[in-house]
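# Report on the structure
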Amino acid sequence: MLRVCPDASGRARCQTGSVQPAPAILIVDDHDGFRRFVRGLLEAAGFTVAEAATGAEATEAARTVRPGLVLLDIQLPDFDGFEVARRLAADPLGGPAPVVVLTSTREASDYGGRIAASPAAGFLPKDQLSGAALRRFLARAPA
Amino acid sequence: MSRRLLAVLIAGAIAAAGGLAWSGWPPHSDYLPILICYEVIGSSYLVAGIAAWVRWPSSRLGLLFTIAGYLYLLPYILVNLANPVAFTIGNLGQGIYTAAVAHLGLAWPTGRLRSRFECGVVIAEYVTAVGFSAAAIVFWNPAFSGCDASCPANVLLAGDGSRSAGNAINTIGGFVGLVLTGIVLTLIVRHWRSARGWSRRAMVPLVWLAGAVGIEQIVTGGVLNLPLSSLVSFGLAPLVMLAGPVLFVISTVRARTAGGALGTAIVDLGQGASPARLREALARALGDSTLQLAFGRPDESGYLDTAGRAVDVDRPGPGRVVARIAGSDEAVLVYDEGLALEPQLVKLTAAAASMALEHARLQAEVQAQLEQVRASRTRIVEAGDAERRRLERDLHDGAQQRLVTLSLALGMARDRAAQADPELGSLIESASKEAREALTELRELARGIHPAVLTETGLTGAIQALAERSPVATTITAVPDGRFPAAIEATAYFVVSEALTNVAKHAMAGGAEVTIYQRPGRLVVEVSDDGAGGARPEGGSGLRGLADRVASVGGVLRMDSPPGCGTRLEADLPCP
C-alpha cells in the first residue's frame, strides 16, 4: 500500500525507511457517515482503523482491538465521551492504555474544564482532524 | 314596635310626669326637692321603658321599665289628689315599685325570668309590698303622719287607728322585704357568676347597682330606724332607684361602643388574617369572649369552630344562639343569648365577618391566580430554554456535523489536487475556507441559541468561557461550584452575558468583574465595570428582556450606574 507522508514526523520515518506498522485507531462516533469518512481519511494516512458507534461498543472494542489511539466523540448516545475515557483509563486490560483523544464538532471551550479534568490525552476539534494531528498525539504519549 | 304603641307610651309618660307635677303643685317649700326627685326617678323609668321597647322589641324589658315607672309615679299622684279613695289607694300602692325593680333585676338582661322559683320570688315581692301595706293601712290614721284636717280621709281606717299596730306590721313587712331583697341580690350574683360572654359583661353593672339598691333598702327600710332627715330618706336615698335607667344607658352605650369597635377591628385586622384572628378581633370588639366562628366541614359532617371544637348548629347548647354569615353558607357565628337582644349588633358582626371572610377568600384567589401566572411564566421560560437546548443540539448533530465532514473532505481533496492541478487546488482551498467560515459562524449561532458549555459544565465553565470571549478584560472573583436548577443557571448565564456585552458596547471600561455567590435560598450574580456609568435601567431592550427573564424565575434585577463611577448589575435569584 502506498504510504502518504503528510507531515514532518511521518516524512522522517518514510525517509529512514524504518516504517513501523502504524498503530490501530478506534473511532468512536455515532454518525455513520462521519465514521466512514474518517476511516477513509485515516486509512489513507496509514492507520489500521476499527469503529464503534456507542460508549458500550467502544469499551468492548478497546478490549478486543487494543488500539493505540481512541478517537472519541464526546456526544454519544449512551454515555458521553468523558465517561468512556474514564472507563478506558480505569481498565487498562493489562497492556498499555490507549491514547485517548476526545473530539467534537464543538470547540474545546464549550466543555470548560471538563476536558482538562478527564484522563484523555487531549482534544481535537473534528474539523482539524488529520492523520498528522493524531500522530502528534501518539508521539507525545509516554511509551 | 308599632307607632300606635309608641304614641301611647309617650302620651302615658307625659301624662304621668305632668300629672305628678300638676297634682303636687304648689308644693310645700320643704317638699320641692322631693317632688323633683320623684319626677326624675319616675320619668326616667318611663323614658327608659320607651327606649328599651324601641331597642329591644322582642324583649319584655321595655314593659318592665314602663311598669316600674307607673308603679312609682301613680301612687304619688293619687295621694296628691284631694280624694279619700285615691288618697287611700295611693298610700296603699307606695313601695310596690320596689317589687317591679326587683323583677327587672332578676329578668336582666334578657327580660325573661330564669326559673319557676324566681317567678315565685317576684310574685312574693309584689304580694309582700301590697299585702303589708294593706294590713298596715287599716291601722294608719293620716293624723299620725302630721296630716291636718285638709288631708283626705283614709277610707280603709278601722276606728281611730293604732300607731303601734301599724308600726308593728310595717316592721314585720320591712323584715320580710329585707329577706326578699337578700334573696334577689343572691340570685343576681348567681346570675352574674354563671353568665358567660356578652351576658356576663351585661351583668356587671347590674351587680353593682343592685348592691346599691340593697344598701338603700336597709338604710331607709325602717328596720334599722336610723335618724334620717325626710330629705335624705324621701328625696336623696331614693335616687339610687335611678339604677334601673342607668343600667339601660350603660347597656346602650356598650352596644354602640361594640358596634364602633367592630368597624375598627375589621380595619385593624388587615390583610390575610386567619379565621382564628378574625374571631379574636370580633370577640374583643364585642366584649363576648365566648363568640365562636364555625365552618362547615368539607365532608358536611358538621361544623368546627376556629379552635377545632365541634359545633352543633341545630342545638348549640344552653344560652347559645347561632347566626349564619351572609354570603357564606358554610360559616356561622355562635354567641351568647344575651347578644341576641341586639339584633343590629349581631347583623353588624355577621356582616363584618362576612366581609372579612370574603376579602380573605378573594385575596387567596388572587394569590392563587398570581401563583399560577408566576408558575406558567416560569414554565414558559423553561420550555423556551429546553427548546433552545434542543435546537443547539440539533445544529450540533446535523448541520455542524455535515459541515465538519465537508470541510475535512475539501481539505483532503485540496491536498490531493494541489500537486496535479494547482489551479484546482486553490479553487478547492477557497471552498474549504468558505466551509470553515460557515462552520465558525454556525458555532457562534449555536452558542447564542444556547451555550453548550452551560449544559456541560454548569456556571463555572460557562462564566469562564464568557470571560475569555469578552473583549473587555474580565476578572471572575467567585463562582460557586456545583449545579443549580437549569432555569437559574441559564438566567445567571444570560445576566453575565448581557452585562459583559453592554460593558463592551457602552461602558468604555478598562475592566469588568463577575462575582456569583450564594446566600441562604438565593444565588446572587454581580457584574461591575469601571466605565463611564450613567446607564439607565429602562434603556435598551436587552436590559428590559433581562429583567423579565430574571423576574420569570422569581428574582430581582438591580442596576446601579452613577455617572462616572462605573456600572453595577445585580441579579438576586431564588435558589432552593
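Since the model is a prediction, treat every value here as computed from it, not as a measurement.

### With respect to the overall build of chain B
A count of helices and strands for chain B gives 17 helices and 10 strands. Within the span of chain B, comprising 576 residues, buried residues form 38% of the whole. Within chain B, counting contacts between residues at least 6 apart in sequence, those at least 24 apart form 67% of the total.

### Quick word on the nonpolar core
Buried together is how nonpolar side chains tend to be arranged in soluble globular proteins. If you look at the biggest cluster of nonpolar residues, it comprises 92 residues, and the most contacted ones within it are F65, A68, L71, A100, L282, L333 and A353 of chain B. The leading source of residues in this core is helix α3 (residues 61-80) of chain B, at 14 residues. Composition of this core by domain shows at least three residues from each of domain 1 (3-253) and domain 2 (273-371) of chain B. Setting aside anything within four residues of it in sequence, one finds L333 of chain B in contact with L291, L293, A323, I325, T349, A350 and A353 of chain B. Counting 79 residues, the second-largest nonpolar core is a separate cluster that includes L42 and A45 of chain A together with V550 and L557 of chain B.

### Points about the packing of helix α6 (residues 116-137) of chain B against helix α7 (residues 163-194) of chain B
Residues and elements named next belong to chain B. It is the contact of α6 with α7, at a shortest axis distance of 10 Å, that shows an interaxial angle of 165 degrees. Relative to α7, α6 is oriented roughly antiparallel. Between α6 and α7 the crossing geometry is left-handed. Contacts between α6 and α7 involve E118, V121, A124, E125, T128, F132, A135 and A136 from the former and G166, I169, N170, G173, V176, G177, L180, I183, V184 and L187 from the latter. Grouping the amino acids of the contact of α6 with α7 by side-chain chemistry returns 11 nonpolar, five polar and two charged.

### Let's talk about the interface of chain A and chain B
Taken together, the contacts link 17 residues of chain A with 22 residues of chain B. No other element matches the four residues that helix α2 (residues 32-44) of chain A contributes to the side of chain A that touches chain B. Residue composition of the side of chain A that touches chain B, by class: five nonpolar, six polar and six charged.

### Some remarks on the sheet that holds strand β6 (residues 473-478) of chain B
All names here are of chain B. Taken in spatial order, the five strands line up as β6-β7-β8-β10-β9 in an open sheet, and their pairing is mixed. What marks the edges here is a single partner per strand, and that holds for β6 and β9 (556-560). Sheet twist, expressed as the mean angle between neighbouring strand axes with direction ignored, is 15 degrees. Bridge count between β6 and strand β7 (residues 511-519): five bridges; the pairing is parallel. Looking at the pairing, T474 lines up with A512 of β7. Lying over the sheet, helix α17 (residues 541-552) contacts β9 and β10 (568-574), oriented at roughly 140 degrees with respect to β9.

### Topic: α3 of chain B
Taking 1.5 Å per residue, 20 residues should reach 28 Å; α3 of chain B reaches 29 Å between its end C-alpha atoms and fits that length. In terms of burial, α3 of chain B is largely enclosed, as 19 of its 20 residues are buried.

### So, unusual backbone geometry
For the bond running from W108 of chain B to P109 of chain B, omega is 0 degrees, close enough to zero to count as cis. Considering the arrangement of structural elements, one finds P109 of chain B in the loop between α5 (97-107) and α6. The backbone of R66 of chain A shows a phi angle near 50 degrees, a positive value even though the residue is not glycine. Residue classification places R66 of chain A among the partly exposed residues on the basis of 16 C-beta atoms within 10 Å.

### Side note on the environment of V381 of chain B
Residue and element names in this part refer to chain B. Tracing the chain through its elements places V381 in helix α12 (residues 343-420). With 18 C-beta atoms packed within 10 Å, V381 lands in the partly exposed category. C-alpha of V381 to C-alpha of S552: the two residues are 171 residues apart in sequence and 7.0 Å apart in space. Excluding anything up to four places from it in sequence, V381 contacts A487, R549, S552 and V553.

### Quick word on the pairing of β7 of chain B
All names here are of chain B. Following the backbone out of β6, through helix α16 (residues 486-507) and into the adjacent parallel β7, one traces a crossover that is left-handed. Relative to strand β8 (residues 522-529), β7 runs antiparallel, the two sharing eight bridges. The residue of β8 that forms the bridge with V514 is V527. Count of turn residues in the β7/β8 antiparallel hairpin: two residues, of which G521 carries a positive phi of about 75 degrees.

### Some words on the sheet that holds strand β3 (residues 310-311) of chain B
Residue and element names in this part refer to chain B. Within the open sheet, the five strands sit side by side as β3-β2-β1-β5-β4. Their pairing is antiparallel. Looking at strand neighbours, the two that pair on one side only are β3 and β4 (320-324), the edges of this open sheet. Pairing geometry for strand β1 (residues 292-296) and strand β5 (residues 331-336), over four bridges, is antiparallel. Paired with A294 across the bridge in β5 is V332. Here α12 sits on the sheet in contact with β1, β4 and β5, set at roughly 145 degrees to β5.

### Brief notes about the packing of helix α3 (residues 55-65) of chain A against helix α4 (residues 81-90) of chain A
Residue and element names in this part refer to chain A. In contact at an axis separation of 10 Å, α3 and α4 are set at 25 degrees when each is read in the N-to-C sense. With respect to α4, the element α3 is oriented roughly parallel. For α3 against α4, the interelement crossing comes out right-handed. Residues G55, A58, T59 and A62 of α3 form the contact with α4, whose participating residues are E83, V84, R87 and L88.

### Points about the environment of E382 of chain B
All names here are of chain B. Along the chain, E382 falls in helix α12. Owing to 16 C-beta atoms within 10 Å, E382 belongs among the partly exposed residues under this scheme. Sequence separation between E382 and A490 is 108 residues, and the spatial gap between their C-alpha atoms is 9.3 Å.

### Some words on the confidence of the model for chain A
Should pLDDT be low for a region, the predicted coordinates there are not to be read in detail. Looking at chain A, the pLDDT average stands at 79 and 80% of residues meet or exceed 70. Scored below 50 in pLDDT, residues 1-19 of chain A makes 21 contacts in the model with residues more than four places away or belonging to other chains.

### Notes on the pairing of β5 of chain B
Residues and elements named next belong to chain B. Within β5, five of the six residues are buried, leaving the element largely enclosed by the surrounding structure. Bridging between β4 and β5 involves five bridges; their strand directions are antiparallel. Across the sheet, the residue bridging to V322 is V334, located in β5.

What counts and how
Residues numbered from 1 in each chain as written. Chains lettered and ligands numbered in written order. Predicted model: local features only at pLDDT ≥ 70, side-chain atom pairs only at ≥ 80, totals over all residues. Helix = DSSP H or I, 4+ residues; strand = E, 2+ residues; numbered from the N terminus. Buried ≥ 20, exposed ≤ 12 C-beta atoms within 10 Å, placed from the backbone. Contact = placed C-beta atoms within 7 Å. Core = buried A, V, L, I, M, F, W, Y, C linked by C-beta atoms within 7 Å. Domains from an automatic or database assignment. Axes fitted to C-alpha atoms, helices over the stretch in contact; angles between N-to-C directions. Parallel < 35°, antiparallel > 145°, perpendicular 65-115°, else oblique. Left-handed = near helix turned anticlockwise from the far one by under 90°. Nonpolar A, V, L, I, M, F, W, Y, C, P; charged D, E, K, R; others polar. Pairing = 2+ DSSP bridges. Expected span 1.5 Å × (residues − 1). Right-handed = clockwise from strand over helix to strand, strands pointing away. pLDDT = per-residue confidence, 0-100.

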